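# Residue-level structure breakdown
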Amino acid sequence: MLPKAKLWLGLVVAAFTLFSTNLQAAWELNMTQGVTQISRDTYDLHMQILWWCVAIGVVVFGVMLWSIINHRKSKGAVSATFHESTKVEIIWTVIPFVILILMAIPATRVLTEAYDSSESEIDIQVIGYQWRWEYKYMREDANDEEVSFFSVMSTSREEISNDLPKQEHYLLDVDNPLVIPINKKVRFLVTANDVIHAWWVPAFAVKKDAIPGFINEAWTIVEEPGVYRGQCAELCGLDHGFMPIVVHAVEQEEYEAWYAQKQEAARVTREMANNVVTMDESMANGADIYNRNCVACHQAAGTGLPPAFPALAGSDVVNGDLRANIDLLINGVPGTAMAAYGRQLNPIELAAVVTYIRNSFGNTTGDLVQPADVNTILQEAQ
Amino acid sequence: MKSENPRSSTKRLVTKLLFAVVGMFAFGFALVPLYDVICDITGLNGKTSGRYSMAADSEPVPVSEREITVQFMAQNSAGMEWVFGPNEAQVKVHPGEVKVVSYRAKNPNDYVMTGQAIPSVAPNEAAQYLKKLECFCFAEQELQPGEEVNMAIRFFVDENIPEKITKLTLSYSLHDITDYEVAVEGIAAR
Amino acid sequence: MSAAHDDHHHGPAKGISRWLFTTNHKDIGSLYLWFSFAMFLLGGTFAMVIRAELFQPGLQLVDPNFFNQMTTMHGLIMVFGAVMPAFVGLANWMIPMMIGAPDMALPRMNNWSFWILPFAFAMLSATLFMEAGAPNFGWTFYAPLSTTYAPETVTFFIFAVHIMGASSIMGSINIIATILNMRAPGMTLMKMPLFVWTWLITAYLLIAVMPVLAGVVTMMLFDIHFGTSFFNAAGGGDPVLFQHVFWFFGHPEVYIMILPAFGIVSAIIPTFARKRLFGYDSMVYATASIAFLSFIVWAHHMFTVGMPIAGELFFMYATMLIAVPTGVKVFNWVATMFRGSMTFETPMLFAIAFVVLFTMGGFTGLMLAITPADFQYHDTYFVVAHFHYVLVPGAVFSIMAAVYYWLPKWTGYMYDETLGKLHFWLSFIGVNILFFPQHFLGLAGMPRRIPDYALQFADFNWISSVGGFLFGASQLILLVVVIKCVKGGKKATAQVWEGAQGLEWTVDSPAPYHTFATPPDPKLIHAQ
C-alpha cells in the first residue's frame, strides 16, 4: 500500500513540475489591492462580503454537517415530526435582510466615489478597435500637436504558436503603452470603433465597456509609479484574447517630458515621411508592422483564413496595380474586417508594409514604396 | 374538482396563455421606444435629445457666473473614411449662454458619400442639460467627391445642470451610411 | 420504458412509430430526457475542447475563431439543449403522475413540442460544418458582434432559437394547462408537490420571457437582412438596447434553469431524511418571490455598460434581495435534514451536494451583485466559476438526482447503487477541481472567453482542465447505469424508497403506460 501511495505522490509532484510552465508564476488567489483609493476600497468591500459569506456558510453547512453525522438512520436516529414554524421562517428572513443592509451601505459609498468623475486634470480618449486600442490625449487648443497613437500587442505570433519560448509578459505587452502621471485625476473617455470592447486595468479597479457610437467615462488617480497591465474584457471577435492594455504611471516631470517628446515625434513623423528608404530597411520594418497588425487575419505565411480573410500570397491586389494596393491599405474595404490603415499607421509604416507584402509570401513585384509616395496619396485624400 | 367540462376550460386557458405569448413578443418590441424614452429622461447612455425648440422671443441668456468647460471629441466608426474633427478643442460657457462651434469634415473619395454623426455626452447625466438649437447631427450629411465642409452646432448649457459638473464632453461618432448600390461605380473606381 | 405492461387500455405502438407519433407523456418524457443527455454529451465535448486548449498557455489545438465557436456552442447547447429539455422531460414524466392526471392536457402539442427540437439543434450544429463556421459571438450574442460582424450562419442560429423558443412555449402552455386543469379531486394547489409548484412558476416565466427572446432575435434578423437599425448606432439604434432586451429574457432564464431543481431537491431530501419538508408554504412563497424578483434585476449583468448611478444602485439592491428567498429555501432544506433519519443513496448524495455547491454559487452571486466589486469580477473567470457552480452542481446535479430518484419508477428495476455512488463521487470531486480554481483565476484577472492566457494563470488552468476531463469522463458512468437499469436488475417495489411520499409512488414500478385513467383515491393525497 505504502509504495503505491508514494508512486501516486511522485506522479502528482511530477505533474506539477511538468505543467507549471512558469515556476515563478504566482499562485495568485485573490483580487489585487491595486494602486488607487478606489481599488483598495473595492478590495476591502470584496473581502468584507467574502467573510460574511464564509461566516454564513460555516453556520449553515455546520448545522447540515452535524445533522448528516448525527441524524442518520444507521445510527438509529428516529425522525422528528416538526415541519413548520412561522417564527423560525421570520427569523431567517429578517436576519439575512439585516446583513444585506450592512453590505449595501459600504457598497453604495464606494460606488458613489467611483462615479464621481468631476475635476479631472487629464482627459484621454480610449477607442477600442478589432483588436487594438487607440489613445488620444484631449488638448486645450486644437492648434496644439495632438498626441494619439495605437497600442497593439507586441507578443510575437511565434510565442503564441509555441515556436518561441514565452516571455515574462506573454500576451500582456504592447508596442506603445499608455502613459499617465501619478497623483493626478485622469479621466478616460471610452468608446469603440466597431464592436463592443471593455477597457480593464485591475490595479485601478477600472472596467468600462467601449461601445460604438457612445462614450463612457471612467477615472483614476494612481498613487504609485509602475507598469500596470490589463486586457479587453468583452468578447470582441477573433483576437479578443490578444488586445492587452499597458499603462505606465510615472512622475509628473517624466510624464511632461514624454508628452513633449510624443508631440515632437508626431511632427517628425510628418517630416520624415519625405525620407528615402532602402529595400532592406523597408522589408525589416514592414515585417515588424505586418506581424503586429496584419498577421491575425492574413496569417504569418500570407495564407489568410479564407473566405473572411483573403490570402496575400499570390493575391491579385498585392501583385497588381501598386496604387490600388496602397489605396486599399489606406481606406480598408467597407463591410469587411479590413480596416482603413491610413488612420492607424504613419506614411513610413504604410510604405514599409506595402513593400513587405509585395515582396514576401512568394510575391515578387520588386516594388519599393517610398514614404513620400504614400504621404502624397494621403495628402491628396485630405 | 372541476365542475365544468375540463376540455373547454383548457381551451380557454390555452387561449389566454397564447395571448400572453403574443403580448410578451410585442412587449419585447415595445422595449425599443420605451428605452428611448427612458434614455431621454435619464440621459442614460449619454444620449442627447433632439433639437431644442423654444419660444421665438426667448433667446437664452447667460444666467450665472458659473463656468463650464465643454470639450469636443470626434471619432470615425469602422469603415468611415472622412477626415472628421472639431475645430475647437474646448470652450468655456456660462449656463444659458448660446455658443456656436463647428466640426469639419472632408470626403476624400472620388464618389458621393453620406455620413451621419451620432452625439454622445459624458458624464451621461449631463446629456439632458446640453441643449442643441442647431446641429449637423440632426440631418444626414452628403459630401461630393473631395468636398470639405464646416458644420455648426449652436447650443447652450441648461442652468439646472448639477453644481458638481464642471466639465462635459460632447462626442460625435461619424458613420458611413452611403447607399453603396448607388455609389457602386465609385467603389469600382478604387 | 419497457413496453411490457399493458394492464389498462392499450400499450404503446411498436417500433419507431411509437416514438414518432406518441402522445403519451411518459414516452415524450423519455424522449426529452434522452435528447437532453445526447445534447449534454455534445455540449460537454465542446467543453472538453475548450479545456484542452486552455490546458497550457499558447495555442495548441484550435484557432481563436474555432475557440469562440466552441464557447458559443457549448453555452447554447447546454442551456437550450441539455438543461431545459431535461427539466421538461422530468415534468412530462412526473407532473401527471404527481397530480393524479391521466396524461398531459394537450398530448398532441406535447409530441410536436418535442419533435421540433431535434431540428433546431441539427440546424444549429450544422453550422459547424459550414464554410463560415458556427456562431462565434458568445451565447449572449451581443450586438453588433452578432449582427454587423457576425458570420453569415447567424441566420441559422436565429431560426434555431426561434424553434427552441416555440418548443419551450408550447411545453409551458401544456404544463400550465395540465397543472391547473387536470389535478385529481382532492389535489389542492397547496397540496401539490413542490416540483409541480416550481414547474408551474417556471412555466409562467417561460411564457413571459421566451417571446422576448424571439423578439430580440427577430430584431437581429431585421438588422442583418432588412436594413433596420435596432442595434446599429449609425441608424439611431443602440447596441446597449440589445443587452437590456437580452437580459430581460436572460435573467428569468437563469431561474427557469434552477426553480425546477429546487422542486426536485425538495422532493428528495424529505424522502431520504424520512421527515416532512420543513416550511412547505414558505418554499412556495420563496419560489414565487424569486420569480418576481427575476424580472427586475436584469441589468446586474451590465454594470459596466455605463448606466447612471441610480440605475446601478437599484439593480444592486434588487439583486441582493434575491438572497433572502434563496436563503429561506436553503435553511428549509437544512431544517428538513435536521433531526431526520437520513440514509445516503445516490439521489440524496446529489441533493446534498446540490445544497452545498449551489449555495456556494449563491454566495459568489451575492458578491457579484455588489456593483463596485463587480467592476473587478465582471467578464472574468470569477463569473464563469459562479454560473457554473449554480448550473452544474446546481441544475445538472439536481437532474442527475432526479434520474436516480425516479429511475426505478421508470424502469421497474433498481439501478446499480455502487456505480451510482462512483458516478456521484467522481462528479463531485471533478466538478470542484474543475470550477473552484476558476474563482482564483478570475480574481487574479483572467478574462473569460479567451483562447490563450498570460503565464500567471497557467497553474490553475491546467488543474481546472484536469478536473474537467475527470468530470466529463465520469458522465459516461451515468449512461452505463441507465442502460443497465433499463435492461434489468433487482425488481423495484411501488414504493421504491422507504421515505417516499406522493402519488407517483402509489402506482406500480415500472409505472404502467397509462396511469390514473381514473382519479386516485383522495385519501392517498397527503399534505406535503
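Everything numeric in this text was worked out from a predicted model, so none of it was measured.

Here we come to the overall build of chain A. Scanning chain A from N- to C-terminus turns up 11 helices and 10 strands. The C-alpha atoms of chain A give a radius of gyration of 28 Å, which is well past the 21 Å a tight globule of 382 residues would have. Taking all contacts inside chain A whose residues are at least 6 apart in sequence as the whole, residues at least 24 apart take part in 64%.

Helices and strands together make up the secondary structure of chain B, namely 2 helices and 9 strands. Across chain B, helices and strands are ordered from the amino to the carboxyl terminus as α-β-β-β-β-β-β-β-β-β-α. Out of the 190 residues in chain B, the part that is buried amounts to 37%. The long-range share in chain B, meaning contacts at least 24 apart out of those at least 6 apart in sequence, stands at 75%.

The next subject is unusual backbone geometry. Omega for the peptide link from Gln130(A) to Trp131(A) comes to 0 degrees, which places this bond in the cis form. Along the chain, Trp131(A) turns up in the loop between strand 1 (122–129) and strand 2 (132–137). With phi around 60 degrees, Glu119(A) is a residue other than glycine that occupies positive phi space. Take Glu119(A): there are 11 C-beta atoms within 10 Å of it, and that puts it in the exposed class. One non-glycine residue, Val496(C), lies in positive phi territory at about 60 degrees. Looking at Val496(C), the number of C-beta atoms within 10 Å reads 18, which means it is partly exposed.

Another aspect to go through is the interface of chain A and chain C. Taken together, the contact between chain A and chain C spans 79 residues of the former and 78 residues of the latter. Those elements that provide at least two residues to the side of chain A that touches chain C are helix 2 (37–70), helix 3 (86–114) and strand 7 (206–210) of chain A. Top contributing element to the side of chain A that touches chain C by residue count: helix 3 of chain A, with 14 residues. The residue inventory of the side of chain A that touches chain C, partitioned by class, reads 45 nonpolar, 22 polar and 12 charged.

Moving on: the interface of chain B and chain A. With 30 residues of chain B at the contact, the number on the chain A side is 31 residues. At the level of elements, strand 1 (68–76), strand 2 (83–86), strand 5 (113–122) and strand 9 (167–176) of chain B are the ones that each hand at least two residues to the side of chain B that touches chain A. Here the side of chain B that touches chain A is composed, by residue class, of 10 nonpolar, 13 polar and 7 charged.

Turning our eyes to something else, we now look at the confidence of the model for chain A. Residues at a pLDDT of 70 or more form 91% of chain A, whose mean pLDDT is 87. Below pLDDT 50 for its whole length, residues 19–25 of chain A participates in 15 contacts with residues either more than four positions away or in separate chains.

A word on the sheet that holds strand 9 (residues 226–232) of chain A. Note: strands within a sheet are paired through backbone hydrogen bonds, in either parallel or antiparallel orientation. All names here are of chain A. Within the open sheet, the 5 strands sit side by side as 4-10-9-6-7. Their pairing is mixed. The two strands at the open ends of the sheet, each matched to only one other strand, are strand 4 (178–181) and strand 7. Pairs of neighbouring strands in the sheet enclose a mean axial angle of 25 degrees, with direction left out of account. Pairing of strand 4 with strand 10 (residues 244–250) involves 4 bridges; the strand directions are parallel. Considered in strand 10, the bridge of isoleucine 180 is made with alanine 249.

All names here are of chain B. With respect to the element layout, glutamate 140 can be found in the loop between strand 6 (130–135) and strand 7 (141–143). A sequence separation of 26 residues divides glutamate 140 from threonine 114, and the C-alpha atoms of the two residues are 6.6 Å apart. Not counting residues within four places of it along the chain, the set of residues in contact with glutamate 140 comprises Thr114, Gln116 and Ile177.

Across chain B, the average pLDDT comes to 82, with 81% of residues at 70 or higher. On the interface metric, ipTM, the complex scores 0.91, and its pTM is 0.87.

Turning to the nonpolar core, a few remarks are in order. The biggest cluster of nonpolar side chains holds 340 residues, and the ones touching the most others in it are Val83(C), Val265(C), Phe354(C) and Ala401(C). Leave out the neighbours within four places in its chain, and Phe354(C) touches Ala261(C), Val265(C), Pro393(C), Gly394(C), Phe397(C), Ser398(C) and Ala401(C).

Turning our eyes to something else, we now look at the environment of Gly489(C). For Gly489(C), the position within the fold is in the segment after helix 17 (458–487). Setting aside its immediate chain neighbours within four residues, Gly489(C) contacts Tyr413(C), Met414(C), Tyr415(C), Asp416(C) and Lys484(C).

The next subject is the packing of helix 2 (residues 25–53) of chain C against helix 17 of chain C. All names here are of chain C. At a closest axis distance of 9 Å, the pairing of helix 2 and helix 17 adopts a crossing angle of 160 degrees. Compared by their axis directions, helix 2 and helix 17 come out roughly antiparallel. In this structure, the crossing between helix 2 and helix 17 has a hand that is left-handed. Along its contact with helix 2, which presents Gly44, Ala47, Met48, Arg51 and Ala52, the element helix 17 presents Ser464, Ser465, Gly468, Phe469, Gly472 and Gln475. Broken down by class, the residue content of the contact of helix 2 with helix 17 amounts to 4 nonpolar, 6 polar and 1 charged.

This next bit is on the environment of Ser67(A). Tracing the sequence through the fold places Ser67(A) in helix 2. Between the C-alpha atom of Ser67(A) and that of Val250(A), which follows or precedes it by 183 residues, the distance is 58 Å. Apart from residues lying up to four places away in sequence, Ser67(A) is in contact with Met337(C) and Phe338(C).

Before going further, it helps to examine the sheet that holds strand 8 (residues 148–157) of chain B. Residues and elements named next belong to chain B. Read from one edge of the open sheet, 4 strands run 2-4-8-6, paired in antiparallel fashion. If you trace the sheet from one side to the other, it starts and ends with strand 2 and strand 6, each paired once. Between one strand and the next, the sheet's axes are offset by a mean angle of 25 degrees, whatever the strand orientation. Both strand 6 and strand 8 contribute to a ladder of 5 bridges, which runs antiparallel. What sits directly across from leucine 130, in strand 8, is valine 157.

Residue and element names in this part refer to chain A. Across the 5 residues of strand 8 (residues 216–220), 5 count as buried, placing the element largely inside the fold. Burial along strand 8 is two-sided: the residues Asn216, Ala218 and Thr220 and Glu217 and Trp219 are all buried. Across 5 bridges, strand 5 (residues 186–192) lies against strand 8 in antiparallel orientation. Looking at strand 8, one finds that valine 190 is bridged to asparagine 216.

A word on the packing of helix 7 (residues 194–225) of chain C against helix 8 (residues 239–256) of chain C. All names here are of chain C. Two elements in contact, helix 7 and helix 8, have axes separated by 9 Å at closest approach and are oriented at 155 degrees. With respect to each other, helix 7 and helix 8 are oriented roughly antiparallel. As helix 7 packs across helix 8, the resulting crossing turns out to be left-handed. Residues Thr202, Leu205, Leu206, Ala208, Val209, Val212, Leu213, Gly215 and Val216 of helix 7 form the contact with helix 8, whose own contacting residues are Phe242, Val245, Phe246, Phe248, Phe249, Pro252, Glu253, Tyr255 and Ile256. Here the residues of the contact of helix 7 with helix 8 are counted per class, giving 15 nonpolar, 2 polar and 1 charged.

The side chains of a regular strand alternate, first on one face of the sheet and then on the other. Residue and element names in this part refer to chain B. Burial along strand 2 is one-sided: the residues Phe84 and Pro86 are buried and none of Val83 and Gly85 is. Both strand 2 and strand 4 (residues 99–106) contribute to a ladder of 4 bridges, which runs antiparallel. Within strand 4, the position partnered with valine 83 by the bridge is lysine 106.

Owing to its 3.6 residues per turn, the α-helix brings residues three or four apart onto one side. All names here are of chain C. Spanning 15 residues, helix 9 (residues 259–273) covers 21 Å between terminal C-alpha atoms, matching the ideal 21 Å at 1.5 Å per step. Of all 15 residues in helix 9, 15 are buried; the element is thus mostly enclosed. Once helix 9 finishes, arginine 274 follows within two positions and takes phi at roughly 50 degrees, a positive value.

Criteria and thresholds
- Along each chain, numbering runs from 1 in the same order as the chain's sequence is written.
- As a convention, the first chain written is A and the first ligand written is 1, with the rest following in written order.
- Only residues with pLDDT of 70 or above have their local features reported here, since the model is predicted, and side-chain atom pairs are shown and tallied only from 80 upward, although totals for entire chains, interfaces and linings are computed over all residues.
- Numbering goes from the N terminus for both helices and strands, where a helix is a DSSP run of H or I of at least four residues and a strand is a run of E of at least two.
- Each radius of gyration is computed over the set of C-alpha atoms, and the globule rule expresses the reference value as 2.2 Å times the number of residues to the power 0.38.
- It is the C-beta atoms, placed from the backbone, that decide contacts: two residues are in contact if theirs lie within 7 Å.
- Exposure classes come from backbone-placed C-beta atoms, where a residue is buried if 20 or more other C-beta atoms lie within 10 Å of its own, exposed if 12 or fewer do, and partly exposed in between.
- Amino acids outside the nonpolar list (Ala, Val, Leu, Ile, Met, Phe, Trp, Tyr, Cys, Pro) and the charged list (Asp, Glu, Lys, Arg) are all regarded as polar, and Gly is one of them.
- Values of pLDDT, which run from 0 to 100, indicate the predictor's confidence residue by residue.
- Strands are labelled as partners when DSSP assigns at least two bridges between them.
- Axis geometry follows a simple rule: fit a line to the C-alpha atoms, using only the stretch in contact for helices, then measure angles between N-to-C directions, giving values from 0 to 180 degrees.
- Here a nonpolar core is just a set of buried residues of the types Ala, Val, Leu, Ile, Met, Phe, Trp, Tyr and Cys, joined wherever their C-beta atoms sit within 7 Å.
- Any angle that falls under 35 degrees is termed roughly parallel, while one over 145 is termed roughly antiparallel, one within 65 to 115 roughly perpendicular, and all others oblique.
- Note: crossing handedness is left-handed where the near helix turns anticlockwise from the far helix by less than a right angle, and right-handed where it turns clockwise.
- By this rule, a helix spans an expected 1.5 Å times one less than how many residues it contains.

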